[in-house]
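Structural description and commentary
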Amino acid sequence: MMLSEFFELIQFLFVVTFTTFLFNCVEYDILFANRAVNHTGPGQNPLDRNKVTLPDAILPSQQCTENIQENSWIIFLLIMAAIFWIYRLIKVFCNILSYWEIRQFYIKALKIRMDELCNFTWQEVQDRLISLQREQQMCIHKKELTELDIYHRILRFKNYMVAMVNKSLLPVHLQLPLLGNIVFLTQGLKYNFELLLFWGPGSLFQNKWNLHPKYKRAGNRLELAQQLSRVILLMGVANLLLCPFILVWQVLYAFFSYTEVIRREPGSLGARRWSLYGRLYLRHFNELNHELHGRLGRGYKPTSKYMNSFTAPLMSVLAKNVAFFSGSVLAVLIALTVYDEDVLTVQHILTAITVLGVVITITRSFIPDEHMVWCPEQLLQCVLAHIHYMPDHWRGHANKGETRDEVAQLFQYKAVFILEELLSPIVTPFVLIFLLRNKSLEIIDFFRNFTVEVVGVGDICSFAQMDIRRHGNPMWMSEGRTEASVYQQAENGKTELSLMHFTIKNPRWQPPQDSSMFISHLKEKVQQDAQAGPSTQLLLSGAPLCTSLLSNESGSGPDNLLASVLAHPVLTASGLPGRDRGFVQPSTAASAAASVLASLSASQLHPHPHPGRSRSLNPLPSARHSDSPLYLSDRTVIDSMSNSDMRFRSNTLLSEFSSAEMSLHAIYMHEVHQQSSQPQRTSGHGQNPVPMREIHTNTGAPHTHSVHSVVGLPGPSTLGGWKEEEEEEDDDDEGEEEIVNGSTLQQDGRSSC
C-alpha cells in the first residue's frame, strides 16, 4: 500500500515533467526531417552527415529553460501541479503513518507476521480481531465485537452510497437528446459526492464516526437544505473553474496509460468491465471489496456471453466488408515489405500498416461466431446467479435490446469508461449545479431518517443493519414481518439478499430476532418447495448437458451445480427423458434451487458416515458450524481430503461453495418474488421509489439509540488522475481507522485472500 502511493506520486511527477519537456525542449522540425542537419567534423563519415540523431532533436537546457520562462501558461500550470503534488505528498505521508500503525497492530496484537499475511483469509483475521476484543477490551463501550460491528466500521460511508443508489437519490441517470436515458457516474463525480457528504471540510460527519448534531434534528430541515444547496453550488462553480486543468490532466493520463495498450491490443477497447454505477447498484450492504470483486469476477464470463449473444446483422455485413478491404491492402503492403525491406522507408508506410491492423481487429469484434448457439433467458439467469440483482422487467425479455442496454449500463465497454472519464471534468459541474442541488432536501431527509447510532461503532446507515422489520420488502418474502413503508423499504430485495449474503459469509454471526425469523421462514419455504422439485442426484446427472446448454466451459463442482439448476427447467419442459429413459416432470428454477438447498440442510442433520463416499455423492459442503443459521457446511469436503491437501484446498473450495450457495439463494428468492409480484409487475430498475420526504418513526433497530440525519459541505476539487482498475475505491481498500482505548482497529480489504 505504501509502495503503491509512492509510485502514484512518481507517476504524477513524471507526467508533468515529461509533458513539459515534450512541449518546450524538442525541435520537431529536425525530428520530422523538415529541416536538414549537417554534421561536419574530422573523422565524420560523409554518409552520416545528414543523418538525424536523437540529441539533434533535443534543445540545449538553456534554450529549453528560456522557452518555459517565456510561456506564462506553462508556468501557471506548473505552479498548480506543484501545489497539488505537495498536497498529495502530505496526504501520502499521513497515510504512511496510518499504515505503519496498521502494520504494528497486525504484528503485535493479531500475531500475524507480514510474510504470512497473504496466506490468511479475511475470516481468520476477523476471528483474531474478535478474540482480541475479548482479551484486551479495545472498544470500551461493549464487551464483544461482532462481525457486523467490524463491517460497519470499515464500510460506514460505502453503505450510505449503496443505499443512496438503491433509493435513486444520487442524480446519475441523465436524459440526453438522441442518446435517451444514460447512466453517468465517474471517479470525479463520485469523489465530489463523497467530498460533499462524508469527509470533506465542513461535511456531514464531524469526524470519521459521528454526524454533526445539527443534522440529527428535524426542526431546521429547510434551512439545512438551503445551506446544502449553496454548498453544492460553490462546489459546482469550483469544478467549473478547475475544469480546464483537470481536463488536461485526464487527457495526458489517458494518453500515457492506453496508447501503448491500444497499439499492442486494439481489441482491448472492446473488452468490458463493471461500471462504477454497476458496482454500487449490485453491491450488498456490508460487502467488503474483496467479496464484491470475487462475486463480480465470477459473473464476468456469463455476462460477457450474454452481451455477445446480441448481434447486429447490418453491422456484421459492414464489418466483414471493411475487414476484407483493409485486409487486402494490408496483405499487399506486407508482401511488398517481405520482398524488399526498403518499402518501410517510404513515408507513412508503417503508419498505414498499423492503422489497417487496428481497423481489422476492431471490425472482427463486430462479426459474430457463426457456430455458437445462445439461450438468452438461461444466460441472463446465469448472470443473476452471480450478480444477485435484476429488475423485474428483465424477466422474459432477455432477448430485447432494451434489456441489453440496461445490462450495458452495469457492464460497460472499456472504451466507454475511458470516454466518460475524459468527459467527467466537463459534465461534473453541471450535474452538481443543475441536478444535485435539486435533491438537497431529499438528501437532508435521507440522512436524518436512515442514520442510527450503534454503541461502540458510531453513526451508520440504518439499511446496513439489514433489519427486516424496519427495511424489509413484503414482495421479497418479508410479508407479515416488516413494518416498513414504501419509503423505508430497500428496493429490489436489497435488505433480504444482503442479509442472506452476510449470514453465509459469516456463519457464526447471530442475527437479530426479526432477521432470524425471516431466515427460519425461508428455510421452511425451501423445504416445502423442495418436495415438488427434482432430486439433487437427478440435477447432477444432467450437469454436462446443462453446462453445454449455457456454453460454460468450466468443469468445477459449483459451476456445474449452478448450470444444472438453471438449465433443468428447460430440459424438463422440452420433454427430454431422464437417465432412466423415463419422463421427467417439468420443474421451475425455484424448485430446483430449493431441492439443492434442502439437501444441504439434510446433509447438516445427517452427516455421511463415510467421508470418502460422501465426496462423490454430495458435492456440496455441509455446515461449518453446527449452529449456523443457514445450510453452509464444509465438514463433508474437509473430511474427504487428506491432511496434506486440506490446508491448501479447503479455503478456496469453501469460498467457491459458499458463493454457489448464495447464488442458489439469489435464484430461489428471485423466483419466489416473481411468483408473488406477477399481477403487479412494473417497469424500470426495480420498484419506483417514492420521493424522499420527512418521516418520523419509532421503530428502533437492535443496539441503536436514535435516528439521525446529516448534511455536508464541500472541499477542494481534485486534480488527480483516474485509474482503470476495478480496485478504484481506495476509501474502502484502506479501511476506516478507529482508534479506541489506545488501540487501532482498521482493516484493509486488500490484505484478504
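Below is a short write-up of the structure.

Calculation notes
- Residues numbered from 1 in each chain as written.
- Predicted model: local features only at pLDDT ≥ 70, side-chain atom pairs only at ≥ 80, totals over all residues.
- Heavy atoms only, no water.
- Helix = DSSP H or I, 4+ residues; strand = E, 2+ residues; numbered from the N terminus.
- Buried < 20%, exposed > 50% of the residue type's maximum accessible area, 1.4 Å probe, protein only.
- Contact = heavy atoms within 4.5 Å.
- Areas by Shrake-Rupley, 256 points an atom, 1.4 Å probe, with all protein chains shown as cover.
- Salt bridge = Lys/Arg side-chain N within 4 Å of Asp/Glu carboxyl O.
- Expected span 1.5 Å × (residues − 1).
- Pairing = 2+ DSSP bridges.
- Disulfide = S-S within 2.5 Å.
- Patch = residues over 30% accessible without salt bridge, like charges linked within 9 Å, V, L, I, M, F, W, Y side chains within 5 Å.
- Core = buried A, V, L, I, M, F, W, Y, C linked by side-chain atoms within 4.5 Å.
- Phe/Tyr/Trp six-rings, centres within 6.5 Å; stacked < 30°, edge-to-face > 60°.
- Lys NZ or Arg CZ within 6 Å of the ring centre and 35° of its normal.
- Axes fitted to C-alpha atoms, helices over the stretch in contact; angles between N-to-C directions.
- Parallel < 35°, antiparallel > 145°, perpendicular 65-115°, else oblique.
- Nonpolar A, V, L, I, M, F, W, Y, C, P; charged D, E, K, R; others polar.

Moving on to the overall build of the protein. Across its full length, the protein holds 29 helices and nine strands. Taking all 753 residues of the protein together, the buried fraction comes to 50%. Pairs at least 24 apart in sequence give 74% of the contacts found in the protein among residues at least 6 apart. Accessible surface for the protein amounts to roughly 35,700 Å². Of this, 60% is attributable to carbon and sulfur atoms.

Moving on to the pattern of salt bridges. One pass over the structure, following the stated rule, counts 18 salt bridges. The salt bridge involving Arg295 is made with Glu287; its shortest N-O contact spans 2.8 Å. Note on accessibility: Arg295 and Glu287 belong to one class, buried. One salt bridge connects Arg448 with Asp445, and the closest N-O pair in it is separated by 2.8 Å. Of the two residues, Arg448 and Asp445 both sit in helix H18 (residues 440-449), three residues apart, roughly one turn of that helix. Each member of the pair, Arg448 as well as Asp445, carries the same accessibility label: buried. Here the salt bridges share partners, and the residues they tie into one network are Arg113, Asp115 and Glu116.

What follows covers helix H20 (residues 494-505). With twelve residues, H20 extends 16 Å from end C-alpha to end C-alpha; this agrees with the ideal 16 Å at 1.5 Å per step. For H20, the set of buried residues is Lys494, Thr495, Glu496, Leu497, Ser498, Leu499, Met500, His501, Phe502, Thr503, Ile504 and Lys505.

This part is about the pairing of strand E1 (residues 173-176). Inspection of the sheet shows E1 paired to strand E2 (residues 180-183) by four bridges, in the antiparallel sense. The residue bridging Leu176 from the neighbouring strand is Gly180, located in E2. Where E1 hands over to E2, the hairpin turn is made up of three residues, of which Leu178 adopts a positive phi near 75°.

This part covers the state of the cysteines. In this structure the tally under the stated criterion is one disulfide. Residue Cys25 pairs covalently with Cys64 via a disulfide, S to S 1.5 Å. Note that Cys25 is positioned in the loop between helix H1 (2-24) and helix H2 (28-31) and Cys64 in helix H3 (residues 61-70), a separation of 39 residues in sequence. Among the residues examined, Cys25 registers a relative accessible area of 4% and is labelled buried. Owing to a relative accessible area of 10%, Cys64 belongs among the buried residues under this scheme.

Moving on to a nonpolar patch on the surface. Taken together, Leu240, Leu419, Leu423, Ile426, Phe430, Phe434 and Leu435 make up a surface patch of nonpolar side chains, about 620 Å² in accessible area. In terms of residues, the nonpolar patch owes the most to one element, helix H17 (residues 414-436), which gives six residues. As for its position among the elements, Ile426 is in helix H17.

Moving on, we come to the nonpolar core. Looking at soluble globular proteins, one finds that nonpolar side chains tend to be buried together. Residues Met164, Phe198, Phe446, Phe447, Tyr668 and Met669 are the most contacted members of the largest nonpolar core, which totals 125 residues. Counting eight residues, the second largest nonpolar core, distinct from the first, contains Val16, Phe84, Trp249 and Leu252.

Now for the packing of aromatic side chains. Following the criterion strictly, the structure yields 34 aromatic pairs and no others. Seen from their ring centres, Trp122 and Tyr151 are 6.0 Å apart, and the 75° between their planes marks the pair as edge-to-face. Within this pair, whereas Trp122 is found in helix H5 (residues 122-136), its partner Tyr151 is found in helix H6 (residues 147-154), the two being separated by 29 residues in sequence. A residue is classified by how much of its surface remains accessible, and Trp122, at 1% relative accessible area, is buried. An angle of 45° between the planes, with centres 5.2 Å apart, marks the rings of Phe450 and Tyr487 as tilted. Of this pair, Phe450 sits in the loop between H18 and strand E5 (451-454) while Tyr487 sits in the loop between helix H19 (468-471) and H20; the two residues are 37 residues apart in sequence, bridging distant segments of the chain. For the pair formed by Phe450 and Tyr487, the shared burial category is buried. Among the aromatic residues, those joined into a cluster by ring pairs are Phe157, Tyr160, Phe198, Phe205, Phe285, Phe446, Phe447, Phe450, Phe463 and Tyr487. A cation over an aromatic ring shows up here: Arg273 above the ring of Phe417, its NZ or CZ 4.0 Å from the ring centre.

A pair of packed helices is captured by two measures, namely the crossing angle of their axes and the spacing between those axes. Two elements in contact, H1 and helix H4 (residues 72-109), have axes separated by 9 Å at closest approach and are oriented at 170°. Comparing their axes, H4 and H1 come out roughly antiparallel. Facing Met2, Glu5, Glu8, Leu9, Phe12, Leu13, Val16, Thr20 and Asn24 of H1, the residues of H4 in contact are Ile74, Leu78, Ala81, Phe84, Trp85, Arg88, Leu89, Val92, Asn95, Ile96 and Tyr99. In terms of residue class, the contact of H1 with H4 is made up of 14 nonpolar, three polar and three charged.

So far we have only geometry, and geometry alone does not tell us how the molecule works.
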